[in-house]
Every structure is written in structure tokens, then in C-alpha cells.
Amino acid sequence: MQIDDAFDAGNIDVLDASDPADVRLRIRPDPPTETPEGVVEFFQWFAFRVTGARGVPLTLHLEGADRAAYPEGWPGYRAAVSADTESWRRTDTTYADGTLTIQVTPTSDVLYVSYFALYPLERVARVTARAAAHPSAVLAPVGRTLDGRVLDRLIVGDPARDLPVLWVIARQHPGESMASWWMEGFLDRLLDDADPLAAALRRQATLHIVPHMNPDGSVRGHLRTNAAGANLNREWADPTPERSPEVLAVRNAMDATGVQLCLDVHGDEALPYTFIAGAHGIPSWSPEREAQLARFCDAYERANPAFQQVHGYPKSKPGTANLTMCTNGVAERFGGLAMTLEMPFKDDANHPDPEQGWSPRKCMAMGRSAIDAMIDVLPHLPR
């Protein structure tokens, strides 16, 4: 039996794999990150491959899990496993005494074990190229990452017309791979010529879409940071070429287009629900923005009952919003409706699936359903 992480997004250190019934592992942290509380090393994302263990019961102990970024994310969590990285299921997982223990018996010579279903950059490139082939879409990169990767943007619609401008971005946090599955579903429906609602959105708005904000961090197997150890979702107030060129490039592009709506797609480790976090607490928050947000969320819930409005983050009090975050910074800078969409790493508590949990298929369905919410709120956005 061998265990390795030598692939896109791989992350594991093998401490002892001599006994399949007692494998000892450890998650590698992101580079040290400066936060208001001091320097921290985020970790929670893991992804590794087990070979040569067909039919062998495995007990995999991830030690030090209590020091992860969000230890409250472990209770009730089940790891994702796959033999081919296409079909994923959940497996028995427990958390006790600071250790996450995964139990699984491979049915083939290859088994991938991951925090959430993998979404490699090769698939991002393929989905982006497929979208760019549509007559309504143009591939217009906005910059490069610290590792020299091109930061792709798709422009859908006619930017020459005076239409509402919608920005949709995903994977600021590279370990939140559900955001890429969401993006695939969103793009597939947006560019489906047989879908009249999607066609209407393309006619009535211009969309700027960044399918993957943090490809460097994704390839490196990071949870939250880029190649420099920057948490991109804390860089929107003052991005720099040296620390956060990804945010700087996108914000500069937003300056050129304006923003009437921005949707930033994420995943939440602890809460077993899909929900929206708004820009409550920014200085310019108003009843009009509250009404726009409510309209978007109501339409999203009608389109997909897996989206809900009961559980989520507490609303920031007036004047207390963190303007370094995308949703808050963009809403305050551009005056539009900005939102963060959160999906679970765990199962959906309202619609549990014992076999797959919150799955790639459900993420893609949530992406498709966003079209309904966007077309509903479009006439009510600020201009």
C-alpha cells in the first residue's frame, strides 16, 4: 500500500502507513498568514491517493485536526472518496480527541480521499474553453497570478450596450472546491441556447465571470491562501501586486465596468446549509439594498429549495462591516448588490443524502438555479 498527494490540490503528510488498520497522517498547513489576531497557518483541506489496498479495510487517522482553521467543521463531517475522481461518495468519519478518523475499504487499486470532491485546474480550463466557444461569450483574462498563471475572465453578453453589469467569482479560497462545481452548473445553463431564462439574462445584462480566483493556492493544496500566503477574501481594501495580484486585477477590471451585482461563491466548513451572506454593516447599507437582497434570496429559494434563509451568519451591526472582504468592499465601493454564497462541506441538513452528502451534482444544480434569482432581481438593481 502507498499513499501520495502528488497531484493537483494534493495535501497530506504521511507519518506512518505501515499498518492499514492504523495509518497516521497529518494535513500540511498553508503558508503563514498575517491576520488581525497575529500570524496563523490555516489548514483543513486534505486530498490524497491510496494505491494497492483493494479490499483492505483502512483506518486513516488525521492527527492534529483540533488545530485546523475550523475544528467545529469536523463533528458530523464525512470524507469524500472516489476511485476515478468523477464519481464521489461519503465514507464513515469520526472526530475525537483532536483526530479525524476515516474508515473505508477500497474496491479498486486506486482510492482518492478528499475533504470535498476534487476539481482540478484542467477541468476549470475545459469548462472555461467550452463557455468561451459560445457566440455570446468572450474570454478576456484580467491578469496573472504570483505563479504566473493567467487569471481568466469570461464576458457574457454585449458590453457595448448600457446594461446592468453582473460579476460572478469563485474559489477565492482554493480549498472550497464546491464553488467550482457550482460555477460549472452556472456556466452550462447560462450558455444553454435552449433555456429561455438564460437567454433573457444574456440579453438584459453583461456578466463578467472569473471561474477561479486562486489557481495557485488550489494547485498547492491550500485551504484559504494564494502563493504568498494571502487570504484573498481579506485583500479587497488594499490589494497589491506583490501579495494579492488576483484581487488587484479583478478590482481594477470592476473599476472599468462598474458593478450592479456581485456574487462571490464559497463553502462553509461548519454549517450544513446553503445560504447568502449580505453586506449588512457597510456604511452605505440601506433599506433599498435590504429589499434587493431579500428579493434575490426569495427567488433563489423558490428555484432551489436546498437554498434556505433560516440558518447563516449573524448580520453585522451598522458600521461594523469588514471592508477587506469582497462582498463588503465591492458593495461599498460600487454601490451595487454584493453577496457571498456559502455551501456546505457536510451534508445538507434539510435534504440529507447518506450516500453522497452535499455533492458535486447538488452544487451544479445550485449554480443553475442562480439564473432564476439574477433575472428576478435584475430590474431592481441600482444603476
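Now for a look at the structure at hand. A quick note: this is a predicted structure, and the numbers were derived from the prediction, not measured. Every chain begins its residue count from 1, and numbering advances along the sequence as written. Residues qualify for local features only when their pLDDT is at least 70, as the model is predicted, and side-chain atom pairs are given and counted only at 80 or more; totals for whole chains, interfaces and linings, by contrast, use all residues. Where side-chain values are given, they derive from all heavy atoms of the structure, hydrogens and water being excluded.

Taken across its six residues, strand 11 (residues 99–104) has five buried, putting it largely inside the fold. Between any two strands, at least two bridges found by DSSP are needed for them to pair. A run of DSSP states H or I qualifies as a helix once it reaches four residues; a run of E qualifies as a strand once it reaches two. Both are numbered from the N-terminal end. Pairing geometry for strand 7 (residues 58–63) and strand 11, over five bridges, is antiparallel. Its bridge partner lying in strand 11, His61 is registered against Thr101. Where strand 10 (residues 93–96) and strand 11 come together, four bridges link them in antiparallel fashion. When the sheet's bridge partners are listed, Thr94 is paired in strand 11 with Thr101. Where strand 10 folds back onto strand 11 in an antiparallel hairpin, the turn is made up of two residues, including Asp97, whose phi is positive at roughly 55°. Accessibility here uses a 1.4 Å probe with only protein chains present; expressed as a share of the type maximum, an area under 20% marks a residue as buried, one over 50% as exposed, and anything in between as partly exposed.

Before going further, it helps to examine the sheet that holds strand 12 (residues 110–114). One open sheet accounts for five strands, arranged 1-6-12-8-9; its pairing is antiparallel. The two strands at the open ends of the sheet, each matched to only one other strand, are strand 1 (2–4) and strand 9 (89–90). Pairing between strand 8 (residues 80–82) and strand 12: three bridges, direction antiparallel. The residue bridging Val81 from the neighbouring strand is Val113, located in strand 12.

Positive phi, normally seen in glycine, also occurs at Ala9, with a value near 80°. Locating Ala9 in the fold gives a position in the loop between strand 1 and strand 2 (13–16). The buried category is assigned to Ala9, whose relative accessible area is 9%. Backbone geometry at Asp97 places phi at a positive 55°, although glycine is not the residue there. In this fold, Asp97 is placed in the loop between strand 10 and strand 11.

A separate point is the sheet that holds strand 10. Taken together, the five strands give an open sheet; going across it, the order is 2-3-7-11-10, and neighbouring strands pair in mixed fashion. Single-partner strands in this sheet number two, and they are strand 2 and strand 10. Each neighbouring strand pair of the sheet contributes to a mean axis angle of 25°, computed without reference to strand direction. Axis definition: a line fitted to C-alpha atoms, over the contacting stretch in the case of helices. Angles run 0 to 180 degrees between N-to-C directions.

Remember, this is a structural readout, not a statement about activity or role.
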